[in-house]
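Each chain, written out:
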Amino acid sequence: MLDSLKIAIVCDWLTVAGGAERVILEMHELFPRAPIFTTVFDENECKAFKGADVRAAFKWIPFARKMHRVLFPLMPAAFERMDLSEYDLVLSSCHSASKGVITRPETLHICYCHSPMRYVWDRSQSYRAGFKRFAPFEPLYSPILHNIRMWDRVAAERPDKFLSNSSYISERIKKYYGRESTVLYPPVDLSRFSAFSARADAGAQGTHGTQGTHGDYYLAVGRLIPYKRFDLVIEAARQVGRPLKIVGEGPEYSALRKLVRACPASAVAHKAKVEFLGKINDEDLKSVYQNAKALIFPQVEDFGIVPLEAMASGTPVIAYGMGGALETVVDGVSGLFFDEQTPESLAKAIRKFEKSHWDSACVAASVEKFSAPRFRAELRHYLEEAWAKHQKSS
């Protein structure tokens, strides 16, 4: 049914290879002939889209690929200018403005929403604090934010249906947009960790814990930005005196290094050796995951790909008990939760974790439902049903 339709894919931007880009890639795999409309495309960072028909609105702006966020106030107008009049089905992948495209009444527009715009809704104040680095422009922040918030609410009426990447995001869509949505968990490339899963299934290293054969370090992975709360992990590791490896780059690197250097000279804190690994390749990341005692995930995420990558490696997760982690980590099976975003609460969870043993094969098996083939199959089934209903109503 869908193969006879003219389909277009729309996304906010393609500048990094992250979780949202993985969703767009799976959409492209499902509909390889569909053009991808976006604002900015960095083919060097998004090599997986080589050969795809990507149509970038800001390709004429020299600095767009490196400073696309500066262009954000122009994006609503850019999406409204995109001509999608020839398409039967428009599939948007949105965490920003791409849902705001304008389609014909006959066109079915389905939005896969990663999150309502964080920077204009519930996290607007924290983003405002970060904006203080651009002090001369700070007076413009409030009126720009207000206008975009009003536009975003109107734009949220344009999709015919919403898909959300988690129940957590489904609630936020209902809160800020007044729209119902269907949860479709995003895809995770679990095959990257299949070598460990096979080893675990063979019984080579079936347990994970204080007396297992894995490394003695804890792990944190992600972009070094304030809301990821790497500072919390460093402070908790200091309290319990455990080694910590941090994978990732970002603007908080200097501040986190300074926090590590300010470590008190107590005997326990001295054991909390913190190692910054920076950005590493896939093979090294797989090894770091597999050999960690546990991944620590202290932030609130809409869904969170990193815990799934760790669990697919057989490594359990210690997560803050809010957001998408509640839908991916099984308490007592693939990890455990801590209740407050404080070093003390996290340190208490680490001590609790070390009193238990974890079956690596069970941890890896717990994430099989998040595979990429499952995502493609469920998305196609949803679209076929939605198109059939759309045709009847038309």
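You'll find the structure just up there.
Residues numbered from 1 in each chain as written. Predicted model: local features only at pLDDT ≥ 70, side-chain atom pairs only at ≥ 80, totals over all residues. Heavy atoms only, no water.

A.B. asks: Whenever I open this one, the sheet that holds strand E7 (residues 182-183) confuses me. Can you help?
C.D. replies: Strand pairing within a sheet occurs via backbone hydrogen bonds; the two strands may be parallel or antiparallel. Strand order in the open sheet made by the seven strands is E3-E2-E1-E4-E5-E6-E7, with parallel pairing throughout. Both edges of this open sheet fall to strand E3 (54-56) and E7, since each of them pairs with a single strand only. Set on the sheet, helix H1 (residues 19-30) makes contact with strand E1 (7-11), strand E2 (36-38), strand E4 (89-94) and strand E5 (108-113); between it and E4 the angle comes to about 160°. Seen against the sheet, helix H5 (residues 167-177) touches E5, strand E6 (161-164) and E7 and runs at an angle of roughly 140° to E6. (Pairing = 2+ DSSP bridges. Helix = DSSP H or I, 4+ residues; strand = E, 2+ residues; numbered from the N terminus. Contact = heavy atoms within 4.5 Å. Axes fitted to C-alpha atoms, helices over the stretch in contact; angles between N-to-C directions.)

A.B. asks: Any chance you could explain the pairing of E5 here in plain terms?
C.D. replies: As a general feature of sheets, a regular strand has side chains that alternate between the two faces. Within E5, six of the six residues are buried, leaving the element largely enclosed by the surrounding structure. Of the two faces of E5, the one holding Leu108, Ile110 and Tyr112 and the one holding His109, Cys111 and Cys113 are both buried throughout. Relative to E5, E4 runs parallel, the two being bridged by six bridges. Note on E5: the bridge partner recorded for Ser92 is Cys111. (Buried < 20%, exposed > 50% of the residue type's maximum accessible area, 1.4 Å probe, protein only.)

A.B. asks: Please clarify how the environment of Asp331 should be interpreted in this entry.
C.D. replies: On the secondary structure map, Asp331 appears in the loop between strand E13 (317-320) and strand E14 (335-338). For the pair Asp331 and Gly321, spaced ten residues apart in the sequence, the C-alpha separation amounts to 9.9 Å. Apart from residues no more than four positions distant in its own chain, Asp331 is found in contact with Leu336 and Phe337.

A.B. asks: Is there a simple way to explain the side chain of Lys245 in this structure?
C.D. replies: By secondary structure assignment, the location of Lys245 is in strand E10 (residues 244-247). For Lys245, the side chain forms a polar contact with the side chain of Glu275, separated by 2.7 Å. (Polar contact = N/O pair within 3.5 Å; in protein donor to acceptor, adjacent residues only side chain to side chain.)

A.B. asks: In this structure, what is going on with the sheet that holds strand E12 (residues 294-297)? I would like to understand it.
C.D. replies: Taken in spatial order, the six strands make up an open sheet running E11-E10-E9-E12-E13-E14, and their pairing is parallel. Each edge of the open sheet carries a strand with a single partner, namely strand E11 (274-278) and E14. The mean inter-strand angle of the sheet, taken between neighbouring strand axes irrespective of direction, is 25°. Taken together, the four bridges between strand E9 (residues 218-221) and E10 define a ladder with parallel strand orientation. The partner of Leu219 across the bridge, within E10, is Lys245. Helix H7 (residues 230-240) contacts E9, E10, E11, E12 and E14 of the sheet and is inclined by roughly 165° relative to E10. Of the strands in this sheet, E9, E12 and E13 touch helix H11 (residues 305-312), which is tilted by about 170° from E12.

A.B. asks: What am I meant to see in the packing of aromatic side chains here?
C.D. replies: Two numbers describe a pair of aromatic rings. These are the distance of the centres and the angle of the planes. All chains considered together, the criterion is met by ten aromatic pairs. Between Tyr185 and Phe303, the aromatic rings sit 5.7 Å apart at their centres with planes inclined by 35°, giving tilted as the arrangement. Remark: Phe303 occurs in the loop between E12 and H11 and Tyr185 occurs in the loop between E7 and helix H6 (194-201); sequence separation between them is 118 residues. The class for Tyr185 is partly exposed, based on a relative accessible area of 21%. Each residue in the set Tyr185, Phe303 and Phe370 is aromatic and connected to the rest through ring pairs, giving one cluster. The ring of Tyr217 is capped by Lys245, whose NZ or CZ atom sits 4.9 Å from the centre of that ring. (Phe/Tyr/Trp six-rings, centres within 6.5 Å; stacked < 30°, edge-to-face > 60°. Lys NZ or Arg CZ within 6 Å of the ring centre and 35° of its normal.)

A.B. asks: What is the right way to look at the packing of H7 against helix H8 (residues 253-261) in this model?
C.D. replies: It is at 10 Å that the axes of H7 and H8 come closest, and there the two elements cross at 15°. Between H7 and H8, the angle is such that the two are roughly parallel. The hand of the H7/H8 crossing is right-handed. Contact residues: Phe230, Asp231, Ile234, Glu235 and Arg238 in H7; Leu256, Leu259 and Val260 in H8. A per-class count over the contact of H7 with H8 returns five nonpolar, no polar and three charged. (Parallel < 35°, antiparallel > 145°, perpendicular 65-115°, else oblique. Left-handed = near helix turned anticlockwise from the far one by under 90°. Nonpolar A, V, L, I, M, F, W, Y, C, P; charged D, E, K, R; others polar.)

A.B. asks: Just to check I follow, could you spell out the pairing of E12 for this structure?
C.D. replies: Burial of the side chains of E12 extends over both faces: Ala294 and Ile296 are buried on one face and Leu295 and Phe297 on the other. Direction of pairing for E9 relative to E12: parallel, over a ladder of two bridges. Bridging across to E12, Tyr218 finds its partner in Ala294. Note: E12 against E13, three bridges, orientation parallel.

A.B. asks: Mind showing me how you'd approach the state of the cysteines here?
C.D. replies: Here is the idea: a disulfide is a covalent bond, and it sits between the sulfur atoms of two cysteines. Counting across every chain of the model gives zero disulfides. No disulfide involves Cys94; its sulfur sits 4.8 Å from that of Cys111, the nearest cysteine. (Disulfide = S-S within 2.5 Å.)

A.B. asks: Can you walk me through helix H12 (residues 343-353) in this structure?
C.D. replies: For an α-helix, the turn length of 3.6 residues means that residues three or four places apart are oriented alike. Residues of H12 that are buried include every one of Pro343, Ser345, Leu346, Ala347, Ala349, Ile350 and Phe353, and no others. The secondary structure elements touched by the buried residues of H12 are E9, H7, E12, E13, E14 and strand E15 (357-359).

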